[in-house]
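Residue-level listing of the chains:
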Amino acid sequence: MRLQTKAVIVLLPMVAFVIMFLGAWAIQITQNSISKSIINSIEAELSGYVDDTLVRHHAILEENQLTEVQSFVERFQKDALRSASNLHIHYENAGLLIFDSMGNNLLGRRDGVMGPAEKIAWSAVLELGDLDFSSDGAAKTGYIKFDGHEEIYVMRVFVPWGWRVIYTISSEQVSDSVARIRNGTIAAAAVAIIVGFSLIFVFFKQFFLRPLGALRQAALDISNHTGGKSIAINSQDEMDDLARHMERMAENLAQSHAQQEMMNRELENKVRERTIDLDMLNKILLEENAIRKKTEKQLRKSQALLEEAQRIADLGNWELDLVTNELYWSDELFRIFGIEKGEFGASYEAFIEVVHPDDRERLEEAYALSVETGEPYDIVHRINRPTDGEIRYIHERCEQIRDDRGKPLRSVGTALDVTEQMLIEKSLRAAKDEADASNRAKSVFLANMSHELRTPLNAVIGFSRLVRDSDHLTEKQRESMDIINSSGIHLLRLIDDVLDIAKIEVGHVTLETTVFNLHQMLIHVMDMLRQSAEDKQLNLSFEKEPGLPEYIIGDEMKMQRILLNLLGNAIKFTDAGDVVLYAGCSDRDQDGHFHLRFSVQDQGRGIPEEDKERIFEPFVQLGFQAGRGTGLGLAIIRQYLDIMEGTITLESLPGEGCRFDVEIPSQVTVGVDGQEVDRPPRKVIGLEPGQPVCRQMIVEDQRENSLLLQRILERFDFEIRAVENGVEAVELFSEWRPDLIWMDRRMPIMDGLEATRKIRVMPGGEDVKIVAITASVLNEMQDEIMSAGFDTVVHKPYRNEDIYSCLEEQLGLRFTYDSSEGEEGEGESELDPSLLDEVPSSLFESLRQAVLALDTEKILMAAEKIEPISSDLATAIRHEVESFDITSLMKFLDKRSSAGDSGSRDI
Amino acid sequence: MLVVEGLQRRIDVLLPLRKSLEVFWMHVIPGKGMAPTLLKSLFLLVVLSVVPSVALADEAKRVILLETMQVPVVRENSRWFIRQMEELGYIQGENLVLHVIDMEGDKGKGEQLLGAALAAGKPDLVLTSATLASQTAWQMLAGTETPMVFFTVSDPVGAGIIEKAGVAGGKNITGIINSISPINRVNLALKLLERPANGKPVRIGIVHSSYPSSVSDVGRLMAIGAHHDEIEFVVRRIDYRRVPEGLPEMLSEVKQVVSELSPLVDFWWEPLGPLGEVESYTRTLLENSDTPILMGNRMRSVELGALLLLSPSSEASGREAALLADAVLKGKPPGEIAPNPAKRFDIGINLSTALRLGITIPPDIFKLAGKNIYR
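Model, not experiment: these values are computed from the prediction.

Explain the overall build of chain A to me, please; I cannot follow it from the model alone.
On a plain count of helices and strands, chain A comes out with 22 helices and 25 strands. For chain A, the proportion of its 907 residues judged to be buried stands at 40%. Partitioning the intrachain contacts of chain A with sequence separation of at least 6 by distance along the chain shows that 61% fall at a separation of at least 24.

Written out as structure tokens, the structure is:
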């Protein structure tokens, strides 16, 4: 029998019994409840009437003492009966009866019919005897027969008036209500049985039978190895859990089966791979065995080659076991030490015995230190070969081998026989010492020679000068004396060349730039060489390009020397024809930079191609030059050009002369107004009458520069005050209010830029003229200066005229100028000759000799001695020296000489 | 006048502090005699001068109560009115300044006193008790923005105070009508009486003054009587004279009229108005004739022998007037509140009179009378 059939057989009677039992029980309960409810209801209605009407009416009568007043009692009873007749009765087939104490029916109601009891049909059959008329006031309940039908009654007795108030209701009304409920209950029970059974069966089928069927099918699939499908149960209960467990069980079984098959396959694969690996290993072992044999063979060969290499390189190696003190020597080491293998004790002590006694201690210390620290050592020592007593130099290297804890185990080392190298080095060192000594001797010689030559030359120069200034000479003689003088000076400079070349070699020569008259320098050069050219009847000529600037910034001395050397060589090595000096320049850039170009061309013998480079080497003289020069000229030229970052090239063909082309970077000078100086400045001799007395403040941290500027300005009646930095300048400005400030740009504490900015925002700061003094010629620096609030710029080194010109421009001052300027005294000193009167004759003579000797050091020493006597004079002398204007200084001293001649107290 | 009123207001403020002041006096200024009394007087003067009047007025509601005269119904209604105001949270001197004016039945005096009070400052509300006060006040306040609430007025329409009872008038006035409709009183009376055997109507005599409310009430009773053949009103009017000084003269005249009218009527009916309000009027009726009083004008009449009383409840009138005043003080316009009678009324029965006359009182009248049953 199927589960479904069993379920029907069991569940149907069970459900029917339960529902029927419950229905019967409910009917009984309901019947009792309805009866009780109806009785309670009519009791309440009855009590409401009695309490609200009868009791209250009687209470009013009592309160007002009217219970004995018949009219009031009757009126109140009448009012009560009217209230009873109007009383609302809830139930159908209900009746209300009121009897007095005598049993007289006072009121009767039935189904809305009202009237005296005797007029109502039912009152005739009312069996009064069935009623309980006890007068205790409590409600009485019971059954009476009415018109052959049983009725339920409830009665209250109102004792003060002896009234019985009876409320009746047909018991059939109760039975009908119960019957309706019973029938309804039976119908509901039947429906409940059908519905309940259906629901239970559907429930049972849904939640038990169908899942069981699915589980049964799943179990069959698992047993047939066709499991793994999802079981269609999603009830979220134990059946669902069972289905999920069965699914996992099926999955696990399937996975186990698959894993087992995979493991079988892997096992088979591994067996195959192992077999292949074993075959490969066998092959490798065979190959390695072959390689090992081949390697051993190569090792033996390498060992033999190593030994051969060591023998060739005189390199041996050794190893000392520090634990056993056993010493191993290579064959080559035995050979280097000249020891037979059997003769050597093979220990460290035996080795030390062979080392030269003078080197033994040093070697032992180095070895001990290496063992202690683990650091390798590298040392050269000597040995006394025991076999032949020969001393050999050994370059020995040693390293220490240690275990993991740092304990030294072995010392390994190499020994190289460096005897031959040591002997060579020794001979080279001796040769170098010899060369150095020779070089020092040459320097000493040159120095001595220079000194010896300078002494007579000073006399030549000095006396030629004196003779030249004599009034008894003709113009021709005067020119000759000038040539003697300038040539002497040139010769003196040549001597200086000799010294310079030495200085150049050691890098003591530096670039010394100044502003100079290029045209004048070129004319001067030509003048110096014209006599030499005329002597050889050569045409010496000078050609210059238009636009060649007159005043430039550069190292005049070196340029002049380059041109003198080149022209001198050209004259020297040209027998007939022309020697030409070309001067030109490149275009200038925005900052005034350009390249000077000089060419010196002759028609001499020319220079062979192979000698074109050699001629620039010092002390080199070619065959045709032998005995005709120092051999320094071109070398100095090249060195000077290197310093000036210039170049020189040579073009020459033998027999046709040669041409040297020189190119030198240079810069035109820039005046206070930024314009190129095209003419020499005029000499200021005084202020025009009626000029204001100006206050001028000098802000300069360099005392010399400050003093120089003060001297320049003190010539006139200016009020001058000087400070050393920007802070002091700002303070002094607020107190003193100058008309013009000479402001150095670079100063400690506060520079000129910041000081100018501060002054400009101070009261009166906008009106004061501020002139920057700077050594920079860069335009960008000038922009920075002008943006800081300066009115203009004066560049260092400045000339007196630059300062005066600036005052003219900024303050509107007007100066008077020397009208004879240019006719004589070009470059003449501005110093007052009367200052020299204070200088003692001996000191004056020392100064004069130093000037004649062009010895600047001695000139400055003399200036120091003059300082206590006349600081102005000393400063002026220093200025002339720093301005390289020795010529002016000579002329200045000549004035004292002239004065002396005219009656000086010292001369 | 203003100074007196200001002093009054200061005292009103100090009244809540009275207990504290008494404690202060007992402990700080003990003893009796001249010196403590002077000290207490000086202290009171200082305190009165220190208490600033502005502290009272700004937050307190200023209310004027204009009373026609000090007759019992007016006093009783005002008493219940004040009690209800207190129960609503109004405290004299704190949030309420109630200025009670007794116009002593004199319209001119009422106008003078009320005018002075209005001149002292615009009040938040004017209350009037009884018809004459209400008429006087309304004549002064009609068309203004000052709200007005009347009570103890039996016929405000007839008195010209409002246009219609039970309907919001839209003006600055509303109130509590202090009367039971005459038809209700007539029906109650008829419920007790039985038509005489001769089939003639029961004759009821009314002696009333020319006081406006009295005239109005009697006029309506006569109109009702004209439509009922069971009763007949026999009316005599005397001139009204201001009470209390004019009362003896009026009573003397009443006595004369009662003597004349007593043989012609079966019962007396006390009229509304000042004359009917006084006990001496009832006594005049009872002492000068054997005719019983069917309908009294107040409970005291029933106590003295009148068979019935059906009148508005003084408690209800006073309390409902206070509720109206509260609503108006809180911002509700009087024009939006319909004037209605008080919702409760008083019934009184003199059972001795009933028994003497053989009249059976039905149970429902007993229930309505409650405790107002006298023997």
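Anyway, onward from the coordinates.
Which parts of the structure should I look at to understand the nonpolar core?
Where a protein is soluble and globular, its nonpolar side chains tend to be buried together. In this structure, A:Y49, A:L54, A:W161, B:F233, B:W269, B:I361 and B:F366 are the most contacted members of the largest nonpolar core, which totals 64 residues. For this core, the element with the highest residue contribution is helix α1 (residues 3–63) of chain A, accounting for ten residues. In this structure, B:F233 is in contact with B:V186, B:I204, B:I206, B:L221, B:M222, B:G225 and B:W269, ignoring residues within four places of it in sequence. Of all hydrophobic cores here, the second largest spans 49 residues; its members include B:A117, B:V126, B:V278 and B:A306.

Hey, could you run me through the packing of aromatic side chains in this one?
To describe a pair of aromatic rings, you give the distance between the ring centres and the angle between the ring planes. Under the defined criterion, the tally for this structure stands at 21 aromatic pairs over all chains. Where A:F72 meets B:F366, the ring centres are 6.0 Å apart and the plane angle is 75°; that geometry is what we call edge-to-face. Of this pair, A:F72 sits in helix α2 (residues 70–85) while B:F366 is found in helix α16 (residues 363–369), placing the two residues in two different chains. B:F366 carries the same exposure label as A:F72, and that label is buried. Relative to B:W269, the ring of B:F233 has its centre 5.5 Å away and its plane inclined at 85°; by these criteria the two rings are edge-to-face. One end of the pair, B:F233, is in strand β7 (residues 231–238); the other, B:W269, is in strand β8 (residues 267–269), and 36 residues separate them in sequence. For the pair B:F233 and B:W269, a shared accessibility class is recorded, and that class is buried. Among the aromatic residues, those joined into a ring-pair cluster are A:W329, A:F334, A:F337 and A:F351. Cation over ring: A:R721 sits above A:W736, and NZ or CZ is 5.3 Å from the ring centre.

Is there a simple way to think about the interface of chain A and chain B in this case?
You'll often see interface size given as the accessible area lost when the parts meet. Contacts between the two partners involve twelve residues from chain A, matched on the other side by twelve residues from chain B. Here chain A and chain B share an interface that buries about 1000 Å² over both sides, 69% of which is from carbon and sulfur atoms. Sorting the residues of chain A by area buried against chain B places A:N64, A:F72 and A:R75 first, and these three jointly supply 50% of that buried surface. Connecting chain A to chain B are two residue pairs in polar contact (both at pLDDT 80 or more). With five residues, α2(A) is the largest single contributor of residues to the side of chain A that touches chain B. Looking at the side of chain A that touches chain B, its residues break down into five nonpolar, four polar and three charged.

Before we go on, may I ask you to explain the sheet that holds strand β24 (residues 792–795) of chain A in this structure?
Whether parallel or antiparallel, the strands of a sheet pair through hydrogen bonds between backbone atoms. Residues and elements named next belong to chain A. Ordered in space as β21-β20-β22-β23-β24, the five strands form an open sheet in which the pairing is parallel. Each of the sheet's edge strands pairs with one partner strand only, and the pair in question is β21 (719–723) and β24. Here the average twist between neighbouring strands, direction ignored, is 20°. Of the pairings in the sheet, the one linking strand β22 (residues 740–744) to strand β23 (residues 769–774) comprises five bridges and is parallel in character. Within the sheet, the bridge partner assigned to M743 lies in β23 and is A772. Contacts between helix α14 (residues 703–714) and the sheet are confined to β20 (695–699), β21, β22 and β23, with β20 contributing the most and set at about 160° to the helix. Relative to the sheet, helix α16 (residues 752–760) contacts β22 and β23, its axis offset from that of β22 by approximately 150°.

Help me understand the side chain of A:T53, please; the structure alone is not making it clear to me.
Here A:T53 is to be found in helix α1. If we skip the residues at most four places from it in the chain, A:T53 touches A:G48, A:A80 and A:S83.

Any chance you could explain the sheet that holds strand β2 (residues 96–102) of chain B here in plain terms?
Residue and element names in this part refer to chain B. On the basis of which strands lie adjacent, the open sheet formed by six strands has the order β2-β1-β3-β4-β5-β11 and parallel pairing. Pairing within the sheet leaves two strands with one partner each, and these edge strands are β2 and β11 (340–341). For strand β4 (residues 148–153) and strand β5 (residues 173–177), the ladder comprises four bridges, and the chain directions are parallel. Of the residues in β5, the one forming a bridge with M148 is I173. Sitting on the sheet, helix α7 (residues 131–141) is in contact with β1 (61–67), β3 (125–129), β4 and β5, with an inclination near 160° to β4. Along the sheet face, helix α14 (residues 314–329) touches β1, β3, β4, β5 and β11 and points at about 165° away from the line of β5.

How do you make sense of the pairing of strand β9 (residues 377–384) of chain A when you look at a structure like this?
The side chains of a regular strand alternate, residue by residue, between the two faces of the sheet. Residues and elements named next belong to chain A. By the alternation rule, side chains of β9 split into Y377, I379, H381 and I383, which are all buried, and D378, V380, R382 and N384, of which none is buried. Direction of pairing for β9 relative to strand β10 (residues 391–402): antiparallel, over a ladder of eight bridges. Of the residues in β10, the one forming a bridge with I383 is R392.

It is not clear to me how unusual backbone geometry should be interpreted in this structure. Could you clarify?
Negative phi characterises most residues that are not glycine, and trans characterises most peptide bonds. The omega angle of the peptide bond from B:V243 to B:P244 is 5°, so this bond is cis rather than trans. Relative to the helices and strands, B:P244 is located in the loop between β7 and α10 (247–261). In the Ramachandran plot, A:E645 falls in the positive-phi region, its phi being about 60° despite a non-glycine side chain. Within the fold, A:E645 resides in the loop between α13 (633–643) and β17 (647–652). Within the chain, B:A130 stands out as a residue other than glycine whose phi angle is a positive 85°. Secondary-structure assignment places B:A130 in the loop between β3 and α7.

Rules and cut-offs
- Residues numbered from 1 in each chain as written.
- Chains lettered and ligands numbered in written order.
- Predicted model: local features only at pLDDT ≥ 70, side-chain atom pairs only at ≥ 80, totals over all residues.
- Heavy atoms only, no water.
- Helix = DSSP H or I, 4+ residues; strand = E, 2+ residues; numbered from the N terminus.
- Buried < 20%, exposed > 50% of the residue type's maximum accessible area, 1.4 Å probe, protein only.
- Contact = heavy atoms within 4.5 Å.
- Core = buried A, V, L, I, M, F, W, Y, C linked by side-chain atoms within 4.5 Å.
- Phe/Tyr/Trp six-rings, centres within 6.5 Å; stacked < 30°, edge-to-face > 60°.
- Lys NZ or Arg CZ within 6 Å of the ring centre and 35° of its normal.
- Buried area = accessible area lost by both parts, 1.4 Å probe.
- Polar contact = N/O pair within 3.5 Å; in protein donor to acceptor, adjacent residues only side chain to side chain.
- Nonpolar A, V, L, I, M, F, W, Y, C, P; charged D, E, K, R; others polar.
- Pairing = 2+ DSSP bridges.
- Axes fitted to C-alpha atoms, helices over the stretch in contact; angles between N-to-C directions.

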